[in-house]
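What follows is the residue order along each chain.
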Amino acid sequence: LKGGGALAPKTERAKPHEWISDSVWMNILAVSRTVQMLRDMPESISNTRSADEWKAWYDHDAPESQKIPEFDERLDKFERMLVVRALREDRALLSSQEYVMHTLGERYADSRPLDLAALVEESTPRVPTIALLSMGADPTGIITDLAKKRKRQVLMISLGQGQEPAARKLLATGTASGDWVLLQNCHLGLGFMSEVEQWLLKLEQDPAPTFRLWISAEPHPRFPIGLLQMSIKMTNEAPAGIKAGLKNSYAWINQDMLDSVSQPQWRVMLYALCFMHTIVQERRKFGPLGFNVPYEFNQSDLSASVQFMQNHLGDVESKKRPVDWITVNYMVCDVQYGGRITDDWDRRLFNTYGKAWLTQTCLDADFEFHKGMPGAYIIPANRPGMPGTDVDHYRKYIETLSLVDDPEIFGLHSNADLAYRTLQTKQQLDTILDVQPKEGGGGGGLTREEVVLNMVEDLQSKLPPDYRADDVKDGIKALGGMGKPLNICLKQEIDKLQQLLKAVRSMLVNLKLAIAGTIVMTPELIDMLDALFMARVPSKWVKVSQLVSPNMGVWFANILKRAEQFTAWLQNGRPLCFWLLGFFNPTGFLTANRQEVCRKHNKDGWALDDVIDHSEVLKQEKDEVRKAPEEGIYVYGLYLDGAKWDKPKDRLTDSDPKVLFSPLPVLWITGAQASKASDKKSLYTCPVYKAPKRTGLNYVTSVDLRVDDAPSKWTLRGVCLLTSTD
């Protein structure tokens, strides 16, 4: 479950081949130390005789269905699953599904459609049904439809501040009349949920036999456990896939709506809008590659946009002028859907879809949503043999679409599917870890406390020494004093690192004393004990360091490398290249660089407010740099997500298959006057983030990268630069 999260790549044996990533190698070492049958796996992978077989297995599209080199005959299904989890995390869920089917039977892996009628029969007036809400799915419609069939009334109320008296009244009415009661959005009224639990337990008179209580709520950690245990739980996921999304839209669209506007472009625009609506909904599943923030675009956005288009086409027809595509794009992308968008880079992405599909070209007879794709996605209207005048024409065409969506239709690279499955696996494993029992067991091995004690001693032995204030002061003075912006930045970074080292050292000592029983085990120390046992970073350390890492090994290696960079800078002078992830405040570091460049151009009348970052990708790697730039800084350790850098051609190109992140050569960052900025037609403005989770807090800056294709291609690809891939 934890993989190699507790191991640090710098302190373990080096990986034998370049095709193995650091995290995969740590997983291999960890599984070889905990599973007896796999103890020789690192040697087998390192061996030149079997290395090619392992690489072929690793590169296979479905490795879980292939024989495992040298180990296949001696492993059972569970051990095979562990090998897949260690080397190909993206296939771990499929492998675990195979294991469940083999061990328990196929019915435990098959999905079952929701049978609400059977669920009602299973429930009783004293056993409520809790509907867990998921994005884009609302059970209200199917509950009210079933109630109509059973000639029952549904008494509904959405919980929130001050709604409790009205909800109590509905419960009293429902139990007396035998009607159904639906309490919606109960995560907003958790206090009332505890009251409902007690009310159900203390019901003196039997309610009417037809009474049913329905509760809809988003998952919440403080939802009353007792109510959960006594109820039936259900969830109804929204339909997944482009085909399912379009079927939903055209089930809502009827013949009257299709005939509501006489102009022929109406039907084309309506289908293009429904297609874009489905694409932006489905794109969320790709995580940060899809949208930085997973917006809940829903039916109301589509309805409002359709209403605007009807009004607009009616207006242009009466005034006898052509469709104003700029207005259409603005109203749909910036107002109707854009009202939900809070991230500027997401807004740029959404507008790119609008400019591609809500435009004059969508009226062309040969228009395709993605040119050159097998199983072309077209608009089935205003074409020979496809007039699109009947709503059933669209429904029949939608039935011919593929059930499996190629990431290319979203504008993404085929690797996006790999990223999606890896993200799914990580979320699943994190959930399993969270529900693990926290008490130490008597299984014959090391107890939980002994495991953590060993980790504490290991961390203490590797922790860098504290920074002495006098040494830092002398070092800064030797570098030119506090008059230089970059020296001020170094001083601030060292102060921050010292604060972190002090907190870590103190908490490690206290944890040892608490385990020994010398001091009280506080909630903070219990959290630390749980986190270290699961190879996670304690929340206090995350707060002080402002560094979010997937596991303890990666986080601690990062802290060690930061200390190494700052100490070398302090003692040996400014480095030739800077490791950008090694800064607590990388944005402040780049601002300090801009200040230094600006001061060099004082005579030219440069003002800091008029200076922007200017960047160029060099052909050298970090080890090939022999001298620092005359102006600006060299930065290394950046990774491209969604593309790779073509060194010979000096521009962006498509990623290699199965390679999610590719390193960028050294980047030169300097300052330039905004008024003299270069033309951006052949440049893609690429955002830089600290981590794969692309939130505003992780945003650092943006750099311009050369491209051959239109920049919109890379916008749809979701290309960005990361300082860390973990």
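Look above for the structure.
A brief look at the structure comes next.

Here we look at the packing of helix H21 (residues 485–516) against helix H24 (residues 552–572)
Inference 1: Between H21 and H24, whose axes approach to 11 Å, the crossing angle comes to 140 degrees. The orientation of H21 relative to H24 falls into the category oblique. For the crossing formed where H21 meets H24, the hand is left-handed. On H24, the residues touching Leu-486, Leu-490, Glu-493, Ile-494, Leu-497, Leu-500, Leu-501 and Val-504 of H21 are Trp-555, Ile-559, Arg-562, Ala-563, Phe-566, Trp-569 and Leu-570.
Inference 2: A per-class count over the contact of H21 with H24 returns 13 nonpolar, no polar and two charged.

So, the pairing of strand E8 (residues 633–636)
Inference 1: Going residue by residue along E8, you find Ile-633 and Val-635 tucked away on one face and Tyr-634 and Tyr-636 tucked away on the opposite face as well.
Inference 2: Both strand E6 (residues 577–579) and E8 contribute to a ladder of three bridges, which runs parallel. Its bridge partner being in E8, Trp-579 is matched across the sheet by Tyr-636.
Inference 3: Two elements, E8 and strand E13 (residues 667–673), share three bridges in a ladder whose sense is antiparallel. Counterpart to Ile-633 in the pairing with E13 is Ile-669.

Some details on the pattern of salt bridges
Inference 1: Tallied over the entire structure, the rule returns 41 salt bridges.
Inference 2: In this structure, the salt-bridge partner of Arg-717 is Glu-408, at a minimum N-O distance of 3.7 Å. Of this pair, Arg-717 sits in helix H26 (residues 711–717) while Glu-408 sits in the loop between helix H17 (391–399) and helix H18 (415–434); the two residues are 309 residues apart in sequence, bridging distant segments of the chain.
Inference 3: The closest approach of N and O atoms between Asp-656 and Lys-644, which form a salt bridge, is 2.9 Å. Here the residue Asp-656 occupies a position in the loop between strand E11 (651–653) and strand E12 (661–663), and Lys-644 occupies one in strand E10 (residues 644–646), the gap between them amounting to 12 residues.

Here we look at the pairing of strand E5 (residues 232–235)
Inference 1: Burial along E5 is one-sided: the face carrying Ile-232 and Met-234 is buried and the face carrying Lys-233 and Thr-235 is not.
Inference 2: Bridge count for strand E1 (residues 129–132) against E5 is four bridges, and the pairing is parallel. Of the residues in E5, the one forming a bridge with Thr-129 is Ile-232.

Overview of the sheet that holds E12
Inference 1: The five strands lie next to each other as E12-E9-E16-E14-E15, forming an open sheet whose pairing is mixed. Single-partner strands in this sheet number two, and they are E12 and strand E15 (699–706). Averaged over all neighbouring strand pairs, the angle between strand axes comes to 35 degrees, with direction disregarded.
Inference 2: Pairing of strand E9 (residues 639–641) with E12 involves three bridges; the strand directions are antiparallel. Across the sheet, Leu-640 pairs through a bridge with Ser-662, a residue of E12.
Inference 3: Running at roughly 145 degrees to strand E14 (residues 683–689), helix H16 (residues 344–357) makes contact with E14 and E15 of the sheet.

Details of the packing of aromatic side chains
Inference 1: Enumeration over the complete set of coordinates arrives at 33 aromatic pairs.
Inference 2: Judged by centre distance (5.4 Å) and plane angle (75 degrees), the ring pair of Phe-275 and Trp-357 falls under edge-to-face. Taken together, the positions of Phe-275 in helix H13 (residues 265–282) and Trp-357 in helix H16 put the pair 82 residues apart, joining distant regions of the chain. Across the pair, exposure class does not vary: Phe-275 and Trp-357 are buried alike.
Inference 3: The side chain of Lys-285 reaches across the aromatic face of Tyr-420, ending 5.4 Å from its centre.
Inference 4: The residue whose ring lies beneath Arg-448 is Phe-533, and the NZ or CZ to ring-centre distance is 5.8 Å.

Focus on the sheet that holds strand E3 (residues 180–184)
Inference 1: If you trace the five strands from one edge of the open sheet to the other, you get E2-E3-E4-E1-E5, paired in parallel fashion. The sheet is open, and its two edges are formed by strand E2 (154–158) and E5, each paired on a single side. Each strand axis lies, on average, 20 degrees off the axis of its neighbour in the sheet, ignoring direction.
Inference 2: Pairing of E1 with strand E4 (residues 212–217) involves four bridges; the strand directions are parallel. When the sheet's bridge partners are listed, Ile-130 is paired in E4 with Ile-215.

A look at the nonpolar core
Inference 1: In this structure, Leu-532, Trp-541, Met-552, Trp-555, Phe-589 and Leu-652 are the most contacted members of the largest nonpolar core, which totals 66 residues.
Inference 2: Counting residues per element, this core draws most heavily on H21, at 12 residues.
Inference 3: Those residues in contact with Trp-555, other than ones at most four positions away along the chain, are Leu-500, Val-504, Val-537, Trp-541, Ser-545, Leu-547 and Ser-549.
Inference 4: Leu-258, Ile-378, Ala-381 and Tyr-397 belong to the second-largest nonpolar core, a separate cluster that totals 60 residues.

Overview of the side chain of Asn-558
Inference 1: Tracing the sequence through the fold places Asn-558 in helix H24.
Inference 2: Polar contacts involving the side chain of Asn-558 include one to the side chain of Arg-562, which spans 2.7 Å.
Inference 3: Not counting chain neighbours up to four residues away, the residues in contact with Asn-558 comprise Leu-547, Trp-579 and Leu-581.

Looking at a nonpolar patch on the surface
Inference 1: On the surface, Val-509, Leu-513 and Ile-519 cluster together into a nonpolar patch covering about 200 Å² of accessible area.
Inference 2: Mapped onto the elements of the fold, Val-509 is located in helix H21.

A few points about the side chain of His-312
Inference 1: Take His-312: it is sitting in helix H14 (residues 299–318).
Inference 2: With residues near it in sequence (within four places) discarded, His-312 still touches Val-323, Asp-324, Thr-327 and Val-328.

About the criteria used
Residues numbered from 1 in each chain as written. Predicted model: local features only at pLDDT ≥ 70, side-chain atom pairs only at ≥ 80, totals over all residues. Heavy atoms only, no water. Axes fitted to C-alpha atoms, helices over the stretch in contact; angles between N-to-C directions. Helix = DSSP H or I, 4+ residues; strand = E, 2+ residues; numbered from the N terminus. Parallel < 35°, antiparallel > 145°, perpendicular 65-115°, else oblique. Left-handed = near helix turned anticlockwise from the far one by under 90°. Contact = heavy atoms within 4.5 Å. Nonpolar A, V, L, I, M, F, W, Y, C, P; charged D, E, K, R; others polar. Buried < 20%, exposed > 50% of the residue type's maximum accessible area, 1.4 Å probe, protein only. Pairing = 2+ DSSP bridges. Salt bridge = Lys/Arg side-chain N within 4 Å of Asp/Glu carboxyl O. Phe/Tyr/Trp six-rings, centres within 6.5 Å; stacked < 30°, edge-to-face > 60°. Lys NZ or Arg CZ within 6 Å of the ring centre and 35° of its normal. Core = buried A, V, L, I, M, F, W, Y, C linked by side-chain atoms within 4.5 Å. Polar contact = N/O pair within 3.5 Å; in protein donor to acceptor, adjacent residues only side chain to side chain. Patch = residues over 30% accessible without salt bridge, like charges linked within 9 Å, V, L, I, M, F, W, Y side chains within 5 Å. Areas by Shrake-Rupley, 256 points an atom, 1.4 Å probe, with all protein chains shown as cover.

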